[in-house]
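Fold and contact review
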Amino acid sequence: MPIMFNTILRQAGLDPSEVRLVRHKHNDAIKGRRPYELWRDDRKKFEQYQSIQAIRNRRKFTAPHWAVFVVNYADETMFAGLYHAKYRGPLEKDAPRPHANGYDKAGQVDIYDLRLQDKLSDMTGRLFIDWGRGALAWVQYADRHDKPVSELRIAFQEPDFPGFLNFVLPLSRLNNLPGGWIAALRSCRGIYLLTCPKTKEQYVGSASGDQGLWGRWQDYISNWDAGNIGLKSRERSDYQVSILEVAGSAATSDDIFRMEGRWQIKLQSFEMGLNRNRAG
């Protein structure tokens, strides 16, 4: 039988009826930093992010303790800390959002005073639970929804790199990736695909420099069209990037250029996409 999270709460002297389970997961419709990234990189901004909540959720948050979880890159639900929570009232003045552009407006959201507790601090970043499948509520009553503990790790560690051919992310997310993922992308040369979320058009490109795929994608982040004629003809967009083929360590720039040409033919990215100059 798995260990249940409420058992851990009771062992810490907490009554599950006085605890809310709060699970922060990134909303892909919002362009900005993930809650997990805020928790990992800037706890002050993370706590600011979760201290502001929609007024419609006020009843759900009427509990003195929040057991907070964040969803990492591997879609795992990781314990981020136990907080003492106290409702302060509606937000008093406009506040910049710590995770995205824009402001939370005064009077239109609630604000809570949150204080991180010492209890369960040794499990922060190490304990993982099974939240349950499907579109379940991100705020739940602990006494009504006991969660099985899926894993307790020795120490906090970033999720493993998913592999080159499984890598799919928008360009806006790249600079917040774990260091190990960035190192892997730097080490890899090959052929990539950009897909425009607005027009659904594709662009096939290649990375043959000493910074690999990572270095080439940084060109799009610093100068979004990276000199490509087809991209220049479209509005700026947060392209999704993926890897089509990895070049071997002995491959020359000409070899990679020919690989790029083959993928342009396969995907017809010259006829129906954003490529304007044939490779290979």
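What you are looking at is a predicted structure, and each value in this text was computed from that prediction instead of being measured. (Residues numbered from 1 in each chain as written. Predicted model: local features only at pLDDT ≥ 70, side-chain atom pairs only at ≥ 80, totals over all residues. Heavy atoms only, no water.)

The secondary structure content of the protein amounts to 7 helices and 14 strands. Taking the principal axes of its C-alpha atoms as reference, the protein extends roughly 65 × 45 × 30 Å. Each of the 280 residues in the protein was classed as buried or not, and the buried ones make up 48%. A sequence separation of at least 24 residues applies to 66% of the contacts in the protein between residues at least 6 apart. Total accessible area on the protein stands at roughly 14,700 Å², and carbon and sulfur atoms take up 48% of it. (Helix = DSSP H or I, 4+ residues; strand = E, 2+ residues; numbered from the N terminus. Buried < 20%, exposed > 50% of the residue type's maximum accessible area, 1.4 Å probe, protein only. Contact = heavy atoms within 4.5 Å. Areas by Shrake-Rupley, 256 points an atom, 1.4 Å probe, with all protein chains shown as cover.)

Moving on to helix 3 (residues 43–51). For helix 3, the full list of buried residues reads Phe46, Tyr49, Gln50 and Ser51. Those residues of helix 3 that are buried are in contact with strand 1 (19–24), helix 2 (35–41), strand 2 (52–54), strand 3 (65–71), strand 4 (77–90) and strand 7 (109–116).

For helix 7 (residues 253–267), spanning 15 residues, the distance from its first C-alpha to its last is 21 Å, which sits close to the expected 21 Å at 1.5 Å a residue. By the burial criterion, the buried members of helix 7 are Ile256, Met259, Glu260, Gly261, Trp263 and Gln264. Against strand 12 (190–195), strand 13 (202–207) and strand 14 (240–246) lie the buried residues of helix 7. Gln268, located one to two residues past helix 7, shows a positive phi value of around 50°. (Expected span 1.5 Å × (residues − 1).)

The sheet built from 4 strands is open, its strands ordered 11-14-12-13 with antiparallel pairing. A strand with exactly one partner marks an edge of an open sheet, and here the two such strands are strand 11 (168–170) and strand 13. Looking at each pair of strands side by side, their axes are set apart by 30° on average, direction ignored. Against the sheet, helix 5 (residues 212–222) touches strand 12, strand 13 and strand 14, its axis set at about 35° to strand 12. (Pairing = 2+ DSSP bridges. Axes fitted to C-alpha atoms, helices over the stretch in contact; angles between N-to-C directions.)

Within a regular strand, the side chains alternate between the two sheet faces. The element strand 12 is largely enclosed, with a buried count of 6 among its 6 residues. Across 6 bridges, the pairing between strand 12 and strand 13 is antiparallel. Bridge pairing in strand 13 places Ile191 opposite Ser206. Pairing of strand 12 with strand 14, which is carried by 6 bridges, proceeds in the antiparallel orientation. Within strand 14, the position partnered with Tyr192 by the bridge is Ile243.

Judged by nonpolar contacts, the single largest core of 43 residues is most densely connected at Phe46, Trp66, Phe167, Leu177 and Trp217. Formed by 17 residues, the second largest nonpolar core is a distinct cluster that contains Ile8, Leu120, Ile129 and Trp131. (Core = buried A, V, L, I, M, F, W, Y, C linked by side-chain atoms within 4.5 Å.)

Applying the stated criterion across every chain, the model contains 19 aromatic pairs. Aromatic ring contacts, followed pair by pair, group Tyr36, Trp39, Tyr73, Phe156, Phe161, Phe164, Phe167, Trp181, Tyr192, Trp217 and Tyr220 into a single cluster. For Arg153, the ring lying beneath its charged end belongs to Phe128, and the centroid distance is 4.0 Å. (Phe/Tyr/Trp six-rings, centres within 6.5 Å; stacked < 30°, edge-to-face > 60°. Lys NZ or Arg CZ within 6 Å of the ring centre and 35° of its normal.)

Okay, the pairing of strand 3 next. For strand 3, a buried count of 7 out of 7 residues is recorded, marking the element as mostly surrounded by other parts of the structure. Judged by which residues are buried, strand 3 turns out to be covered on both faces: His65, Ala67, Phe69 and Val71 on one side and Trp66, Val68 and Val70 on the other are all buried. The pairing of strand 1 with strand 3 spans 6 bridges and is parallel. When the sheet's bridge partners are listed, Arg20 is paired in strand 3 with Trp66. As paired strands, strand 3 and strand 4 are joined by 7 bridges and run antiparallel to one another. When the bridges of strand 4 are listed, Val70 appears paired with Met78. Counting the residues between successive antiparallel strands, the hairpin from strand 3 to strand 4 contains 5 residues, one of them, Asp75, with a positive phi of roughly 65°.

This next bit is on the side chain of Asn72. On the secondary structure map, Asn72 appears in the loop between strand 3 and strand 4. The buried category is assigned to Asn72, whose relative accessible area is 2%. Within the local environment of Asn72, its side chain forms a polar contact with the backbone nitrogen of Ala74, the two atoms lying 3.0 Å apart. A distance of 2.8 Å separates polar atoms of two side chains, one belonging to Asn72 and the other to Glu76. Setting aside chain neighbours within four positions, we find Asn72 in contact with Arg34, Tyr36, Phe128 and Pro159. (Polar contact = N/O pair within 3.5 Å; in protein donor to acceptor, adjacent residues only side chain to side chain.)

What follows is about the packing of helix 4 (residues 179–186) against helix 5. It is at 4 Å that the axes of helix 4 and helix 5 come closest, and there the two elements cross at 95°. Relative to helix 5, helix 4 is oriented roughly perpendicular. Facing helix 4, whose interface residues are Ile182, Leu185 and Arg186, helix 5 presents Gly212, Leu213, Trp214 and Trp217. (Parallel < 35°, antiparallel > 145°, perpendicular 65-115°, else oblique.)

Function cannot be read off these values alone, since they describe shape.
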